[in-house]
Amino acid sequence: MLARRFHRFGDRFMCGFSGELRTDGHFANVEAVARMTATMGARGPDGAGLHAQGRLALGHRRLKIVDLSERAAQPMVDPALGLAIAFNGLIYNYVELRDELQAAGYHFFSGGDTEVVLKAYHRWGDACVERFHGMFAFALGERDTGRTLLARDRLGIKPLYLTESAGTLRFASTLPALVAGGGVDTSIDPVALHHYLSFHAVVPAPHTIVSGVRKLPPATTLAIEPDGRRVERRYWQPMFERDPAKAGWSERDWEDATLESLRTAVRRRLVADVPVGVLLSGGLDSSLIVGLLAEEGQAGLETFSVGFESVGGEEGDEFKYSDVVAERFGTEHHQFRIPTEQMLPALRDAIAAMSEPMVSHDAVGFYLLSQEVAKSVKVVQSGQGADEVFAGYHWYPPMAHAADSGLDTYAEAFFDRTHREMAQVVTPEYLPATDVSRKFVAAHFDQPGADTPADRALRIDSLVMLVDDPVKRVDNMTMAWGLEARVPFLDHELVELAAQCPPELKTAHGGKGVLKEAARRVVPHEVIDRPKGYFPVPALKFLQGPYLELIRDALTSDAALERGLYRREYVDDLVTGHQRDGGGTDPAHLTPLRGNKLYQLGLLELWLQSHDL
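Colleague: Explain the layout of surface pockets here, please?
Modeller: Regions of empty space are outlined by a rolling probe, equal in size to a water molecule, passed over the atoms. Computed from the structure, the second largest pocket encloses a volume of approximately 270 Å³. For the second largest pocket, the lining is made up of 17 residues, of which Ala205, Pro217, Pro218, Arg234 and Val464 are closest to its centre. Among the elements of the structure, strand 13 (230-234), helix 15 (436-446), helix 16 (453-465) and helix 17 (467-479) are those that each provide at least two residues to the lining of the second largest pocket. In terms of residues, the lining of the second largest pocket owes the most to one element, strand 13, which gives three residues. Taken together, the residues of the lining of the second largest pocket break down into nine nonpolar, four polar and four charged.

This is the structure in structure tokens:
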């Protein structure tokens, strides 16, 4: 057996792991695993390790959050049980599981959650994941049989990418790590490109923009048996239907249950051997987290907000709301205002930190905020997921009156382009013959387990869009600075409760009605009775000056022209329009969700160039 620790890497490209499993009888390529692991230094700045035995090799970069000793270093090997694991994330109920396992006769050599996962697998097999409350992805190998298990948490909070060639399966926490291992088909996947340009840049699992890389879907385990047979199992699926046991619940009952479930979720996410702060945007969701933490008696709580300069008449910060919350709960508040000239170089770095291209303008905001927050704390709670889980977006109320399945109503509000418009954007080589994005949504809407059109929209947004947009963005941008973000609104028990809640209670009061009414018992009314806000980065919505030049230069570069993704006349028209109207303020240059069409094209090209793809 080869097992060794190696020195801390010095690079700063984003806790992550990688590995290789050979199914052709050969030994795993340790050097390739070392290369993959080396790319994830920023995700795990506190330690690095490598373990190999026969056909399986595992690499790990560690961010110390629980059990700061070297006893919890990874990859972790349990010689007595014959198991090895590389793990990313945190099991919030690991102490309770540890007690249960100790009562069953297991002995522990460390104090963290990774060893609990090992013992839980030995005790309960693949079904161990059903006992975990938390965010996680892991690869676990059996020494004596050669069996390997890959797993991902219910909401896909922690990523897991895969690539396969003859006799070799590789996996990693980031897509660029797999590319660093070598031998990956880096051509563009036309189906993924269609999703990116039409399904609001959401590329659902298993696709990624790169043909040779796939991702394990959320709530899924993948077992590779000793004979090479694959067994993929989805172990969790919330039902967006009414529970007969709750048929008699009043609005107050739903508010009580929501608040209590969220309170439990916030409490769970305090598990750490380091301080836990909060990303405070000033909106309802993060403000409620602060209020509940204050109820838990968190003294000296640190909160963090970021803002940008106004562009095109659009405000770039929501400090007036975050200040109200910070003052009410007496937090140690940090406010960062980013000048426009600082954001341009940060944009390049943020794009380089993306595992996949992410068109949402606030990615750079999270990147810059995380850079500052990481100077103070290692762990933060964040409000992502509340809009998808509790119906905070504008397209949910119309779904209540949608005809048939609600597909047309949803697509009209959410899709950036129709299939006909796609033909004007991409070259024939990259245009699928059919509307693959609409077909994907239609198939999802047709699945059983959702009572109404609104339920169907909430289901696809909670289980697909949320995973491959806001959640992925927060993970990538925080982990780029060795910062762990926890998302209590994605506690799976809270998601299950919200899925059962009648849609009309969630869409009331302009959206998130049940959450707003519950929040009145905790937070100031100013942050509840206010227009809905987003993480505003106006400079990326209205491209002007150096931002427009950056996008134009990327799309007209030799690399872009050789790649040939887009029709030249379409790009030229967009660039000319931005130059003419002063930054794309013409509504024709924005998607239905008010994203900048030119930025969407340019972001993908900049991402491809940043990773030499």
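Colleague: Could you clarify how one ought to interpret the sheet that holds strand 14 (residues 276-279) in this entry?
Modeller: What holds strands together in a sheet is hydrogen bonding between their backbones, with the strands either parallel or antiparallel. Strand order in the open sheet made by the five strands is 16-15-14-17-18, with parallel pairing throughout. Looking at strand neighbours, the two that pair on one side only are strand 16 (332-338) and strand 18 (484-486), the edges of this open sheet. Adjacent strand axes in the sheet meet at a mean angle of 30°, parallel and antiparallel pairs treated alike. Alignment of strand 14 against strand 17 (residues 379-381), held across three bridges, turns out to be parallel. When the bridges of strand 17 are listed, glycine 277 appears paired with valine 380. Sheet strands in contact with helix 7 (residues 284-295) are strand 14, strand 15 (302-308) and strand 17, and its direction is about 150° off that of strand 14.

Colleague: Looking at this structure, how should I read the environment of phenylalanine 27?
Modeller: Summarising the element assignment, phenylalanine 27 is placed in the loop between strand 2 (16-22) and helix 1 (30-38). Not counting the four nearest positions on each side in its chain, phenylalanine 27 is found in contact with Glu20, Arg22, Gly54 and Arg55.

Colleague: Even after reading the chapter, I still don't get the sheet that holds strand 12 (residues 220-224), so can you show me in this structure?
Modeller: Across the sheet, six strands lie side by side as 5-6-7-8-12-13; this open sheet has antiparallel pairing. Edge positions in the sheet fall to strand 5 (76-78) and strand 13, since each has one partner strand and no second. Looking at each pair of strands side by side, their axes are set apart by 15° on average, direction ignored. Judged from the nine bridges that link them, strand 6 (residues 83-91) and strand 7 (residues 134-142) form a sheet pairing that is antiparallel. In the sheet register, phenylalanine 87 faces strand 7, and the bridge partner there is phenylalanine 138.

Colleague: Explanation requested: the packing of aromatic side chains in the structure shown.
Modeller: Each aromatic ring pair is summarised here by two numbers: the centre-to-centre distance and the angle between the ring planes. Taken as a whole and judged by the stated rule, the model has 16 aromatic pairs. Consider the rings of tyrosine 410 and phenylalanine 445, whose centres lie 5.4 Å apart with planes at 55°: the pair is tilted. With tyrosine 410 in helix 13 (residues 407-414) and phenylalanine 445 in helix 15, the pair connects residues that are 35 residues apart, well separated along the chain. The residues tyrosine 410 and phenylalanine 445 share a single accessibility class, namely buried. Put simply, the rings of Phe199, Tyr393, Trp395, Tyr396, Tyr410, Phe414, Phe415, Phe440 and Phe445 pair up and form one aromatic cluster. Between the NZ or CZ atom of lysine 119 and the centre of the ring of phenylalanine 108, over which it lies, the distance is 5.2 Å. Lying across the ring of tryptophan 124, arginine 131 places its NZ or CZ 3.8 Å from the centre.

Conventions adopted
Residues numbered from 1 in each chain as written. Predicted model: local features only at pLDDT ≥ 70, side-chain atom pairs only at ≥ 80, totals over all residues. Heavy atoms only, no water. 1 Å grid on protein atoms, 1.4 Å probe; cavity = no way out; pocket = protein on both sides within 12 Å on 5 of 7 lines; lining within 4 Å. Points joined across faces, edges and corners; volume = space filled by probe spheres on them. Helix = DSSP H or I, 4+ residues; strand = E, 2+ residues; numbered from the N terminus. Nonpolar A, V, L, I, M, F, W, Y, C, P; charged D, E, K, R; others polar. Pairing = 2+ DSSP bridges. Axes fitted to C-alpha atoms, helices over the stretch in contact; angles between N-to-C directions. Contact = heavy atoms within 4.5 Å. Phe/Tyr/Trp six-rings, centres within 6.5 Å; stacked < 30°, edge-to-face > 60°. Buried < 20%, exposed > 50% of the residue type's maximum accessible area, 1.4 Å probe, protein only. Lys NZ or Arg CZ within 6 Å of the ring centre and 35° of its normal.

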